Amino acid sequence: MALMISDECIACDACREECPNDAIEADDPFYVIDPDLCTECVGCYDEPNCIVVCPVDAIVLDPDNVENAEELRYKFEQLQGQE
Ligand code: SF4
Ligand code: SF4
């Protein structure tokens, strides 16, 4: 499941550079996560790094982009292959 950023976001920029997949972009008024790039940090970290650093708990699961661990791992491997 990709993650998404809610309207709780205060645009602090703490998460953007912490994403190993460059999935987070600054947008107005809230930052956004590209669901095609977010792997929930599978392949890089034990837990979603953006959630760890967000000071206002604005990053939540995206119910429109549900993926299991195997799918997330496959997505990560596909992203690695594009580099
Ligand atoms: S969960 Fe990981 S891959 Fe997804 S947006 Fe957050 S930091 Fe990036
Ligand atoms: S860390 Fe949280 S509050 Fe800061 S830009 Fe990211 S989502 Fe928004």
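For the structure given in this document, a descriptive report is provided here. Because the structure is a prediction, the values reported are computed rather than measured.

Points about the overall build of the protein chain
Link 1 in the chain: Across its full length, the protein chain carries two helices and four strands.
Link 2 in the chain: The order of α-helices and β-strands along the protein chain, N terminus first, is β-β-β-α-β-α.
Link 3 in the chain: Here the C-alpha atoms of the protein chain give a radius of gyration of 12 Å, agreeing with the 12 Å that 2.2 N^0.38 yields for 83 residues.
Link 4 in the chain: Oriented by its inertia axes, the alpha-carbon framework of the protein chain measures out at about 30 × 25 × 20 Å.
Link 5 in the chain: For the protein chain, the proportion of its 83 residues judged to be buried stands at 35%.
Link 6 in the chain: Taking the contacts inside the protein chain whose residues are at least 6 apart along the sequence as the reference set, 68% of them involve residues at least 24 apart.
Link 7 in the chain: Put simply, the protein chain shows about 5300 Å² of open surface, and 45% of that area lies on carbon and sulfur atoms.

Structural notes on the site of ligand 1
Link 1 in the chain: Near ligand 1 you find Leu3, Cys19, Pro20, Asn21, Ile24, Ile33, Cys38, Thr39, Glu40, Cys41, Pro48 and Cys50, and these make up its full shell.
Link 2 in the chain: Of the residues contributing to the shell around ligand 1, the split by class is nine nonpolar, two polar and one charged.

Brief notes about the nonpolar core
Link 1 in the chain: The biggest cluster of nonpolar side chains holds 15 residues, and the ones touching the most others in it are Ile5, Ile24, Ile33 and Ile59.
Link 2 in the chain: Ile24 has contacts with Ile5, Cys15, Arg16, Cys19, Tyr31, Val32, Ile33 and Cys50, leaving out every residue within four places of it along the chain.

Section: the site of ligand 2
Link 1 in the chain: Taken together, 13 residues lie near ligand 2, and Cys9, Cys12, Asp13, Cys15 and Cys54 sit nearest.
Link 2 in the chain: Looking at the shell around ligand 2 residue by residue, the classes come out as 12 nonpolar, no polar and one charged.

Some details on the environment of Pro35
Link 1 in the chain: Relative to the elements of secondary structure, Pro35 occurs in the loop between β3 (32-33) and α1 (49-53).
Link 2 in the chain: Relative accessible area serves as the criterion here: at 29%, Pro35 is assigned to the partly exposed category.
Link 3 in the chain: Between the alpha carbons of Pro35 and Asn65 there is a distance of 7.0 Å; along the sequence they are 30 residues apart.
Link 4 in the chain: Excluding residues that lie within four positions of it along the chain, Pro35 makes contacts with Ala2, Asn65 and Lys75.

Overview of helix α2 (residues 69-81)
Because an α-helix completes one turn every 3.6 residues, residues spaced three or four positions apart along the sequence face the same direction.
Link 1 in the chain: With 13 residues, α2 extends 18 Å between its outermost C-alpha atoms, agreeing within 8% with the 18 Å of an ideal straight helix rising 1.5 Å per residue.
Link 2 in the chain: The set of residues buried in α2 consists of Leu72, Lys75, Phe76 and Leu79. Viewed along the axis of α2, the buried residues span an arc of 100°, placing them on a single side of the element. Opposite its buried face, α2 presents the exposed residues Glu70, Tyr74 and Gly81, each directed more than 90 degrees away.

Parameters at a glance
- Residues numbered from 1 in each chain as written.
- Chains lettered and ligands numbered in written order.
- Predicted model: local features only at pLDDT ≥ 70, side-chain atom pairs only at ≥ 80, totals over all residues.
- Heavy atoms only, no water.
- Helix = DSSP H or I, 4+ residues; strand = E, 2+ residues; numbered from the N terminus.
- Rg over C-alpha atoms; globule rule 2.2 N^0.38 Å.
- Buried < 20%, exposed > 50% of the residue type's maximum accessible area, 1.4 Å probe, protein only.
- Contact = heavy atoms within 4.5 Å.
- Areas by Shrake-Rupley, 256 points an atom, 1.4 Å probe, with all protein chains shown as cover.
- Near = heavy atom within 4 Å.
- Nonpolar A, V, L, I, M, F, W, Y, C, P; charged D, E, K, R; others polar.
- Core = buried A, V, L, I, M, F, W, Y, C linked by side-chain atoms within 4.5 Å.
- Expected span 1.5 Å × (residues − 1).
- Arc of directions from axis to C-beta.

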